[in-house]
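Survey of secondary and tertiary structure
Residue strings, one per chain:
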Amino acid sequence: MTAKMTMAQAINSALRDAMTADESVVVFGEDVGPLGGVFRVTEGLTHDFGEDRCFDTPLAESGIVGMAAGMAMNGMRPVVEMQFDAFAYPAFEQVVSHVAKFGNRTRGRLRLPMVIRIPYAGGIGGVEHHCDSSEAYYAHTAGLTVLAPANNTDAYALLRAAIESPDPVVYLEPKRHYFSNEAVDLAAADSTIGRAAVVRNGRDATLIAYGPSVPIALAAAEEAATEGRDLGVVDLRSIVPFDDDTVCEQVKHTGRAVVVAEAPGFASVASEIAARVTEHCFHYLEAPVRRVTGFDIPYPAPKLEHFHLPDTARILDAVDELQWEDAL
Amino acid sequence: MTAKMTMAQAINSALRDAMTADESVVVFGEDVGPLGGVFRVTEGLTHDFGEDRCFDTPLAESGIVGMAAGMAMNGMRPVVEMQFDAFAYPAFEQVVSHVAKFGNRTRGRLRLPMVIRIPYAGGIGGVEHHCDSSEAYYAHTAGLTVLAPANNTDAYALLRAAIESPDPVVYLEPKRHYFSNEAVDLAAADSTIGRAAVVRNGRDATLIAYGPSVPIALAAAEEAATEGRDLGVVDLRSIVPFDDDTVCEQVKHTGRAVVVAEAPGFASVASEIAARVTEHCFHYLEAPVRRVTGFDIPYPAPKLEHFHLPDTARILDAVDELQWEDAL
Amino acid sequence: MSSDQRDAASATMRVLDEAGDLADGADRPDADGLLAGYRQLVHGRRLNELAGALVRQGRLAVYPSSRGQEACQVACAAALSEGDWLFPTYRDAVAIATRGVDPVEVLSMLKGDWHCGYDAARHRVAPQATPLATQLLHAVGVAHAARLKGEDTVVMALCGDGATSEGDFHEACNFAAVFAAPVVFFVQNNKYAISVPLARQSVAPSLASKAVGYGMPGVRVDGNDLAALSTVLGDAVERGRRGAGPTLVEADTYRVEAHTNADDATRYRTADEVDEWAGRDPLTRVSAYLRGVGVLDDDIEAEFTTDADRMAARVREGLGVDVAPDPGELFAHVYATPTQQLVQQRAALQAEFDVEEAR
Amino acid sequence: MSSDQRDAASATMRVLDEAGDLADGADRPDADGLLAGYRQLVHGRRLNELAGALVRQGRLAVYPSSRGQEACQVACAAALSEGDWLFPTYRDAVAIATRGVDPVEVLSMLKGDWHCGYDAARHRVAPQATPLATQLLHAVGVAHAARLKGEDTVVMALCGDGATSEGDFHEACNFAAVFAAPVVFFVQNNKYAISVPLARQSVAPSLASKAVGYGMPGVRVDGNDLAALSTVLGDAVERGRRGAGPTLVEADTYRVEAHTNADDATRYRTADEVDEWAGRDPLTRVSAYLRGVGVLDDDIEAEFTTDADRMAARVREGLGVDVAPDPGELFAHVYATPTQQLVQQRAALQAEFDVEEAR
Ligand SMILES: Cc1ncc(C[n+]2csc(CCOP(=O)(O)OP(=O)(O)O)c2C)c(N)n1
Ligand SMILES: Cc1ncc(C[n+]2csc(CCOP(=O)(O)OP(=O)(O)O)c2C)c(N)n1
Ligand SMILES: [Mg+2]
Ligand SMILES: [Mg+2]
């Protein structure tokens, strides 16, 4: 049963289906109640499931995440929304010192099955603090699962999997795709946590991306094809756990790789991918793995963001630098 | 004028000398006043400079960092102490959304010359939350300078430089070395921000380390020498800005490299080093850059920490794996 | 603190009632001062209207309007001396303009040019804060530094009702109280945090009552009553100036428009509620009083309006000038001196342009 | 809330005075209940002493003693029913033991074996929190979840005077009040946060007065008076149980020993001050009263002491058993199922041992 819907609607469906399937799933945060969230992702949930299942809290992110942790200790499965990426930082202490570590601290006796949803990354012309790519902070923190869907089907399926996970999940929603319409077959959707997807096969080089960078990587591959270069694209979907097998199989096959991500590159997830792919595939590599990332700067003001964000041209430039002359 | 002193004393001297040289330098935090800090790093400052120059605050890290930011806006040079690495997390929002970005936000009209001192990393048998290696969070955040001294001379000189810097600095003090006695020549000490040090020359491979991992890397090199392998050691000192020139010169020279760091390896500073060294030195490398890091786990309880921390054996194992057979 | 003082934090101080008559027991406000304030109200209202129009015309991306809160905006800026500091939020453009910053510079942020369009240091107006309550701590720092330097600076720190729930609000109030820092915490309780009503934010008798737990005075004032606001904020500033420490002031007001133009307020509140508050307009109250005492007439009113129109025209023109963004700026301000890495990244970006141009 | 209620937050509730006499206007406490409490006080004191000795003997790495605060420790645990939850800090080992957790398990954390030695879920005692005030939010979450599930669970959430300055304290109190969550916030005001005295923490009339700003009742109680504590905490628990929401209770007490054995308290406070508080010992007060009313005599006292000694011997023995740490545990609990990466890392670590053994 395929239906056209936006990513916001796909996520909304995942929340609804999870709430229907499991009474212990509760949704809360800032403006997620009657308003339905500033991106309308929680639209109608309070109306349909009642105030106890979907509700607004006082305006305090540490409070939201900390309360969610407590509710998870007491048998519920909270799904909380941070209104924008940069507004999750006040909750950092709770995330790093508790959410990530509680299961380990208690030798598994108190695991925290909870999901922190974060509208994430840029490309929407937002003012400061509304466009951060903050995945590195979470990916570096042991104990968290970190997911970033790139399309509507995965957005649905990964969120369902996240809510069912016994471990806490940081779920990064590429906000620039909230309103992109796509045909989705919810019934057939099944993304497993920890499994990357080869979204395009290619012989010459592999583009590795996740979240909002996947469509850009695909567009770049499309463009490269017209120039006679055959690029594959891997969509990580799951940043932690990382799917070494799928990624390395592709890279070994092509011998060249470019990592694409919006976040500043320094000490980032892109660094990790480049480092581990190199470690695992060194003797297959014809050229060093290149990173196409945001610059090492604060996210720029709206009129300047297009300078900052990886685009197809920048990806293709990086591909061009993969020492093809050696291949001749 | 060489004198024997501990790292805590070297840092204390740096604070004293900076406070003497510049009236706008103020020191505050939790227990830094009459007690002199839980590590005695601020010993005597309140007594000698008065309550206005070194004082205790209410117990709130976001408050401490946020107030420091305001004082820096108004012409002072605050040096604040976070009592332990993990207790800096409540201040994360202030650090990431303000301290790091204020100069940029105001086009340089309001820079924040402030230093956040963090007793850092493990190896002291501390209970949970007292041994985190949190440098990746800061290093990934554009706008911060991130320093990690490995010896007493650098501890002094880098802190003086940090306090003089027009930019905010996160200054990571390897707490396991606070009480190590060493001869220091304060007058001769001059570490420049952004400059790595080749602390041992070597022909066969380069160990790249910073902070508490440098002495371990040196010990490993010492041990390797007895087995006939000549390892060089680079002490980064400055994680951001990063000294590509010094690091790459060494790696190109040796053709092999191992990065050593205590923090969990995933999406870490070690990942960055491995990725950028590979990018810059690909054709000089005989083997992939190896990382010897903490595991991707929360910092363990005291009796288990020795399993977690990189030691000389683990470093030498990694060196052994640098595909020496290819060199034959 | 006596229980009287604490009860003061829940009663609402008022000078003029909604009809513009003197409230029971209130002292007569200074009519000339009030007239000057009225002029600023007219300007503030005009600025709110202009910005709304510019958004509708696509010239600004977004605008969080302070319509209905202009008395708060004007009073808090007017209470300050030149050497004082103002710490505004995204909603406080009118306060910033009242302080004397060119509205063109204030609004340029919303054009997308840069994160802050005015010179924060020169005007002693911090950049408009987006992360809620975080700027209150900076305000405390500025104030404490001033005290250490022996200056008599006072800092006016603004936030909304929603922001009082954040941990930073608590830490800022407590630090200010413990250090007796000269800060006026001015909470514009406009009843909503985006869609979330006050009842979800707090069940305290008032937001001003939070002052009790910090050991500072808390005052609740009618936020649509310019005369009352001027008195209360003036007193609080004076208190800070003479070294008596911080004050928490809660203004009872209302956000008449949606959170921003992007918000749909009909989803969470009734038109009746909005109408009721629109009837308590801060401008009509002052004009009624001033006309009653014979200080304001149609001519003066017309003069104010003309002035405001002139300001609006000038702002519209100023915002019409589009300067091409300079990509070099991305790297120029991150550090005082760009790192080697940023220099390389700038060069790489430049090279992309060069290639494009060569094409 | 009336101003009377608010003044209650600054007066200090007391049942027995320092000599063990009934305080003015207080109701006679139930002697049998108090005797049972006294037994727990004796045990608590013994546990504090034992842990101190074990630290000196190098068997524990560190111990934050609650000596002088035993009445608080005993009362807060005793106020709870089996289905309730306790959220303790690092200083609350005695409260945890009073709740029935084996002290061997409690102290094993301080041996360095693992981060939490007892089964937090089974005992409904959260792991002892180190990051200050953070656990208060978890307490609110547990309480709110219980309410949603229709359970009558009450949650006792502990913190110190210093921790009230943290943003999380504020957010927890506010969330609890807004959601009417059944939480008792129990602040042991022992006058110091490590070296920092209360005056640097707050200039409010009392810490209990912070309740005003959240719209919940605040009560200040003599923290060395077991009878008063039992009444106040009992009432607060009952209030939560019947759905009337949270209460903030401040206990006026004193940290008689240094922050931990690693601390040197002579650097920041006088011996006189310590002596004065040592004279207000929570045990002597109860024993004097109980002896006065003829419920306690030397025989019973001796029995309690023997019991406590037996407990101490058992704990000493239990802690004497050293289990070799299992490195596999490093990876076992991080996720419900270890990731592929962790499996590999565990194998790498195992390989190191295999090499070592082969040597
Ligand atoms: C830390 C943080 N969390 C969330 C937001 C998103 N946000 C922007 S405005 C707003 C509501 C603020 O309400 P209030 O403090 O009452 O101020 P008002 O907008 O009514 O002036 C929210 C939730 C933010 N800016 N910062
Ligand atoms: C967030 C955080 N910051 C700092 C610390 C370090 N620290 C441990 S105990 C303590 C003092 C706490 O004082 P108080 O809350 O009064 O509790 P007490 O120790 O007196 O029982 C400090 C600063 C911490 N544990 N957590
Ligand atoms: Mg509001
Ligand atoms: Mg205390």
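Source: prediction; values computed, not measured.

As for the interface of chain A and chain B
- On the chain B side, the residues contacting the 51 residues of chain A number 51 residues.
- Here chain A meets chain B over a buried area of about 4300 Å², counting both sides, of which 63% is carbon and sulfur.
- On the surface where chain A and chain B come into contact, there are 6 salt bridges.
- At the boundary of chain A and chain B, one finds 20 residue pairs in polar contact (both at pLDDT 80 or more).
- Residue assignment for the side of chain A that touches chain B shows that the elements contributing at least two residues are helix H4 (92–99), helix H5 (102–105), helix H6 (135–139), strand S12 (238–240), strand S13 (257–264), helix H10 (269–281) and strand S14 (290–294) of chain A.
- A total of 8 residues in the side of chain A that touches chain B trace back to one element, the largest contributor, which is H10 of chain A.
- Residues that form the side of chain A that touches chain B fall into these classes: 26 nonpolar, 12 polar and 13 charged.

Quick look at the UniProt feature "domain: Dehydrogenase E1 component" (unreviewed entry) in chain C
- Here, the residues flagged by UniProt with the feature "domain: Dehydrogenase E1 component" (unreviewed entry) are residues 43–308 of chain C.
- As annotated, residues 43–308 of chain C comprises 45% helix and 12% strand, and the C-alpha atoms at either end are separated by 5 Å.

A word on helix H5 (residues 103–111) of chain D
Residues and elements named next belong to chain D.
- Along H5, 8 of the 9 residues are buried, which leaves the element largely enclosed by surrounding structure.
- By the burial criterion, the buried members of H5 are Pro103, Val104, Val106, Leu107, Ser108, Met109, Leu110 and Lys111.
- Turning to H5, the residues buried within the fold contact helix H2 (31–56), helix H4 (93–98) and helix H13 (298–320).
- For H5, the capping residue at the N-terminal end is Asp102, with a side-chain oxygen 2.8 Å from the backbone nitrogen of Val104.
- Gly112 lies just past H5 and shows a positive phi near 95 degrees.

Section: the coordination of the magnesium ion (ligand 4)
Residues and elements named next belong to chain D.
- Surrounding the magnesium ion (ligand 4) are the protein donor atoms Asp161 (OD), Asn190 (OD1) and Tyr192 (O), which sit 2.0 to 2.1 Å from the metal.
- All donors of the magnesium ion (ligand 4) belong to a single chain; written as a sequence motif, their spacing is D-x28-N-x1-Y.
- Taking relative accessible area as the criterion, Tyr192 reaches 8% and is therefore assigned buried.

Here's the deal with the domain arrangement of chain C
- Domain boundaries assigned for chain C yield domain 1 (3–323) and domain 2 (326–359).
- Taken over C-alpha atoms, the centre of domain 1 of chain C sits 40 Å from the centre of domain 2 of chain C.

Structural notes on the nonpolar core
- If you look at the biggest cluster of nonpolar residues, it comprises 213 residues, and the most contacted ones within it are Phe185 of chain C together with Phe185 of chain D.
- Dropping the residues within four chain positions of it, Phe185 of chain D is found in contact with Leu136, Val140, Ala157, Ala172, Cys173, Ala176, Met216, Pro246, Thr247, Leu248 and Val249 of chain D.
- Listed in part, the 78 residues of the second largest apolar core include Phe92 of chain A together with Ala14, Phe87 and Ala162 of chain B.

Looking at helix H10 (residues 269–281) of chain B
Residue and element names in this part refer to chain B.
- If you check H10, its first and last C-alpha atoms are 18 Å apart, about what 13 residues at 1.5 Å a residue would give, namely 18 Å.
- Counting buried positions over the 13 residues of H10 gives 11, a clear majority of the element.
- For H10, the complete set of buried residues consists of Val269, Ala270, Ser271, Glu272, Ile273, Ala274, Ala275, Arg276, Val277, Thr278 and Cys281.
- You can read the cap of H10 off the contacts: a side-chain oxygen lies 3.2 Å from the backbone nitrogen of Ala270, and it is on Ser268.

Here's the deal with the site of ligand 1
- Of all residues adjacent to ligand 1, which total 20 residues, the nearest are Glu61 of chain A together with Tyr90, Arg91, Thr130 and Asp161 of chain C.
- Ligand 1 sits at the junction of chains A and C, each of which supplies nearby residues.
- When ligand 1 is considered free in solution it has 590 Å² of accessible area, and contact with the protein chains removes 96% of it.
- Among the residues making up the shell around ligand 1, the classes are represented as 9 nonpolar, 6 polar and 5 charged.

So, the sheet that holds strand S7 (residues 169–174) of chain A
Residues and elements named next belong to chain A.
- Read from one edge of the open sheet, 7 strands run S3-S2-S4-S5-S7-S6-S12, paired in mixed fashion. The strands lining the two open edges of the sheet, one partner per strand, are strand S3 (54–56) and S12. Direction aside, the axes of adjacent strands within the sheet are offset by 20 degrees on average.
- Two strands pair when backbone bridges link them, and strand S2 (residues 25–29) and strand S4 (residues 77–81) are joined in this way by 5 bridges, in the parallel orientation. Looking at the pairing, Val27 lines up with Val79 of S4.

The rules we used
Residues numbered from 1 in each chain as written. Chains lettered and ligands numbered in written order. Predicted model: local features only at pLDDT ≥ 70, side-chain atom pairs only at ≥ 80, totals over all residues. Heavy atoms only, no water. Contact = heavy atoms within 4.5 Å. Buried area = accessible area lost by both parts, 1.4 Å probe. Salt bridge = Lys/Arg side-chain N within 4 Å of Asp/Glu carboxyl O. Polar contact = N/O pair within 3.5 Å; in protein donor to acceptor, adjacent residues only side chain to side chain. Helix = DSSP H or I, 4+ residues; strand = E, 2+ residues; numbered from the N terminus. Nonpolar A, V, L, I, M, F, W, Y, C, P; charged D, E, K, R; others polar. UniProt positions renumbered as here; feature names shortened; annotations may be inferred. Buried < 20%, exposed > 50% of the residue type's maximum accessible area, 1.4 Å probe, protein only. Donors = N, O, S within 2.8 Å, 3.2 Å for Na, K, Ca; no water. Domains from an automatic or database assignment. Core = buried A, V, L, I, M, F, W, Y, C linked by side-chain atoms within 4.5 Å. Expected span 1.5 Å × (residues − 1). Near = heavy atom within 4 Å. Areas by Shrake-Rupley, 256 points an atom, 1.4 Å probe, with all protein chains shown as cover. Pairing = 2+ DSSP bridges. Axes fitted to C-alpha atoms, helices over the stretch in contact; angles between N-to-C directions.

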